[in-house]
Amino acid sequence: MEALEEKEEVEQPPEDVISLRISDFLDELELDAEQASVRSNETEFDWSSIDTSNLPSSYKTNSRQEKKLLQLADHFLQQYSHLCPDRKPLFIHPLNECGVQKFVSTTVRPTLLPYPDMYYWSGCASFVSNYLIMEPLKCPITPPSSLYSPTTIVKYQRGNCFDFSVLLCSLLVGAGYDAYCVHGYATLEMCSMDQTQEVCPRLKKPPEEPVEEDPNKYKIKYPSEPKSQFELQQKAKEEEEAKPTQEEEKEEEVVEEVEKPKRDSLHGLRVHAWVLVLSGKRKVPETFFINPFTGNSHSTKDECFLGIESIWNDKNYWVNMQDCRNGCKDLSFDLSNHFCWEIMFPESNEDSQLPTESPKDSTDDMQEKKKISSSFEMPLSWVERIKVSSQEYENPFPRGKKVILYDKAKQEKWAAYANTDGMVERLTVYADSDRTEELEVKEWFEHRKDLLYMREVNHQTQLITDHFNPGHPLLLKAHTYTSLEPETGHTVEFYHKARVDGLWKRSETATEMTEYFEEREDLLHKRHIKFGEREQGMEMAGTAEANARPIVQIREYFHRNPKKPADEDVEERVFKVIDDVIQLTYHLEIYDIIPSKVVFARVIGREKREGEVFLSRENTVKYQPWSSEKHKNMRYLYNLLWELRAEQKDLKQLVRDSEAEMLNILAVRENEEANIKLAVSIYSTAQRDQRIASILEAEERSSQNSSEKKSQQTGEEDESVTQHTATNSTT
């Protein structure tokens with residue numbers, strides 16, 4: 001297909017100028033090929049050196065039906081080139097790895113691999129993009145002269161965009177999708193697998209759902225709040241002062257121009273192959289494209305796809321007869337519409353819709369060939385069944401890992417069990433496009449016995465956050481820290497439904513501790529503890545009991561209990577341990593402004609005795625305007641104070657238990673990080689076989705050692721017997 005942009009020639013240039021332009025164009029092609037080979041970061045693979053001697057006969061010869069198919073394809077190609085001389089040649093019957101012409105539809109081999117992820121298009125696309133090494137086309141503006149079988153591509157784990165597409169289409173058709181290989185044109189970034197201008201999918205925010213307006217048009221509209229005109233004027237002045245100057249705007253424009261990619265001289269001419277998935281089968285709601293290099297799905301209106309020449313699957317071949325000046329935005333993918341798509345082998349006895357110059361061109365020979373083509377059945381694929389072993393499926397990266405560069409980000413992927421710490425993916429976020437200053441690092445793990453699955457490292461705040469799957473012995477959900485040393489700032493989240501106390505979060509520093517609760521019967525939702533400084537000359541001990549931090553204050557917050565009156569439902573209670581003060585604050589009623597309070601203070605000048613509860617009107621302050629007579633009774637207040645003293649004692653013990661639990665968590669986490677262990681999944685056959693082999697080797701070694709020890713013992717016994725007989729003979 002010609003370039004998408006029309007160029008009008010005003011003057012006829014001389015032959016010297018034309019030759020110079022052609023030489024410049026060829027130099028650009030050579031430079032483009034060199035850049036593509038540099039991106040591959042690997043020496044070129046010699047496909048001519050592959051061994052084809054063990055391939056089946058279907059790879060080396062054509063059957064009678066395949067020969068007939070090639071004749072019909074040649075006739076269709078002659079018609080097409082004669083009636084559409086401005087179009088580029090179709091990609092119909094390239095050579096395979098044995099140098100034999102094969103029709104492209106017979107190269108598609110529908111296969112369903114026996115793995116759960118391979119039943120879905122996302123699993124197939126990610127496997128192909130990870131399993132194969134991308135090779136650029138030798139000439140970026142022409143399709144390749146050969147198309148190897150998917151089995152050979154899987155064996156050597158490399159190929160160009162056409163190899164990627166045929167393999168992916170084979171897997172998708174085998175999984176039940178209505179998938180097609182596409183021969184078309186795309187942008188430079190798409191053809192060269194350059195994602196440095198794109199945002200990493202891990203960093204994309206999910207689209208916000210639009211807020212639905214209330215359809216009731218008779219709803220009462222309340223007047224808006226009055227706004228001060230003076231404040232609005234002051235705000236407008238501040239915004240004007242905050243606007244950048246013209247020089248700053250120019251600098252920003254220059255930076256934007258530098259960051260923009262340069263204009264591609266081959267825009268609209270670069271050949272690319274991808275996969276088309278039509279809606280309908282497998283409950284696919286909308287037609288979409290799949291880029292086989294990345295495994296990502298794209299809309300059919302994506303501007304990266306610039307045009308389509310033809311599509312094919314294992315049943316037929318279609319030629320696009322629509323205008324692609326606007327890319328693929330306006331294309332119709334109704335393959336039954338013969339004005340939009342010219343089918344090679346009509347499924348019914350319909351005549352071809354290729355335009356004809358005159359009725360005289362239709363000869364008897366052409367009519368006979370049309371009859372043959374209309375009744376022709378596509379032969380079965382000459383390719384053997386695609387096979388991927390469990391070990392190859394679990395270790396899809398041929399170079400050990402895969403590195404993808406995005407805009408201000410780098411993504412690295414490993415196979416499971418490739419790293420000793422279980423890491424399978426790492427995403428590094430940078431502050432600049434040159435990727436020199438790191439801002440944040442995210443790591444994902446699998447099969448760890450400590451159930452760690454993700455770690456976030458913020459280089460700006462130096463905070464590390466570990467995330468755990470359910471099932472940890474300490475019920476950990478997340479742990480944020482800067483160091484595993486105690487009292488250096490830790491925030492721990494728990495799976496609160498598995499805990500008796502309903503604790504879901506605890507934050508601790510050297511001077512404070514805050515605990516958050518959920519779904520408790522007493523409606524407690526927060527507890528805050530303040531600690532004092534330790535005595536001078538005493539170091540921090542490894543246990544909470546030895547040299548414990550003095551507790552200064554304990555503050556608790558409760559939700560509203562609708563079963564109690566507000567004057568009897570405590571909202572906040574404060575235990576000032578050192579000052580010996582207890583303060584209660586009750587919930588508000590609907591129309592109250594000031595809450596009810598009760599304060600029990602220590603009497604000045606009176607020594608505190610252990611186990612004594614002293615109450616007088618001097619050390620009791622209360623404000624309960626709506627309370628009943630029993631709240632004004634001193635006996636009621638005495639009983640309340642007695643209960644609070646007992647609860648204060650229990651709270652002190654709970655605080656010490658929390659400190660001990662934090663020390664235990666830090667010790668366990670430090671031990672887990674020092675001795676990382678991976679669990680072998682029952683579904684990982686390769687790792688299970690390796691583990692069984694290692695167990696058998698260990699048993700063989702132990703048996704050999706035991707046999708050697710037995711032989712040594714028998715030799716020593718024989719020596720002792722001979723020595724004993726020798727002494728007897730001498731005696």
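Higher on the page you've got the structure.
Residues numbered from 1 in each chain as written. Predicted model: local features only at pLDDT ≥ 70, side-chain atom pairs only at ≥ 80, totals over all residues. Heavy atoms only, no water.

## Quick notes on the environment of Glu 384
- Residue position: Glu 384 is located in the loop between helix H11 (364-374) and helix H12 (390-394).
- On a C-alpha basis, the gap between Glu 384 and Arg 109 in space is 7.6 Å, while along the polypeptide they are 275 residues apart.
- Beyond its immediate stretch of four places on either side in the chain, Glu 384 contacts Pro 56, Tyr 59, Arg 109 and Thr 151. (Helix = DSSP H or I, 4+ residues; strand = E, 2+ residues; numbered from the N terminus. Contact = heavy atoms within 4.5 Å.)

## Describing the packing of helix H5 (residues 121-131) against helix H7 (residues 161-174)
- Packing of H5 against H7 brings their axes to within 10 Å, and their N-to-C directions diverge by 150°. Judged by the angle between their axes, H5 and H7 are roughly antiparallel. Handedness of the crossing formed by H5 with H7: right-handed. Residues Trp 121, Cys 124, Ala 125, Phe 127, Val 128 and Ser 129 of H5 form the contact with H7, whose participating residues are Phe 164, Leu 167, Leu 168, Leu 171 and Leu 172.
- Of the residues that constitute the contact of H5 with H7, the class distribution is 10 nonpolar, one polar and no charged. (Axes fitted to C-alpha atoms, helices over the stretch in contact; angles between N-to-C directions. Parallel < 35°, antiparallel > 145°, perpendicular 65-115°, else oblique. Left-handed = near helix turned anticlockwise from the far one by under 90°. Nonpolar A, V, L, I, M, F, W, Y, C, P; charged D, E, K, R; others polar.)

## Digging into the packing of aromatic side chains
- For the structure shown, the criterion picks out 21 aromatic pairs.
- Plain terms: the ring middles of Phe 127 and Tyr 131 are 4.9 Å apart, the flat faces sit at 20° to each other, and that makes the pair stacked. Here the residue Phe 127 and the residue Tyr 131 both occupy positions in helix H5, the gap between them amounting to four residues, near one helical turn.
- Overall, the relative accessible area of 6% leaves Phe 127 in the buried class. (Phe/Tyr/Trp six-rings, centres within 6.5 Å; stacked < 30°, edge-to-face > 60°. Buried < 20%, exposed > 50% of the residue type's maximum accessible area, 1.4 Å probe, protein only.)

## Regarding the environment of Asn 291
- Tracing the backbone shows Asn 291 in strand S5 (residues 288-291).
- Each C-alpha atom of the pair Asn 291 and Trp 274 lies 5.4 Å from the other, and the pair is 17 residues apart in sequence.
- With residues near it in sequence (within four places) discarded, Asn 291 still touches Met 190, His 272, Asn 296 and His 298.

## Quick word on the pairing of strand S4 (residues 271-277)
- Among the seven residues that make up S4, seven are buried, leaving the element largely enclosed by the rest of the structure.
- Note that strand S3 (residues 179-186) and S4 share seven bridges and pair antiparallel. Directly across from Tyr 185, in S4, lies its bridge partner Val 271.
- Here S4 pairs with S5 via three bridges, running antiparallel. Bridging from a neighbouring strand, Val 277 pairs with Phe 288 of S5. (Pairing = 2+ DSSP bridges.)

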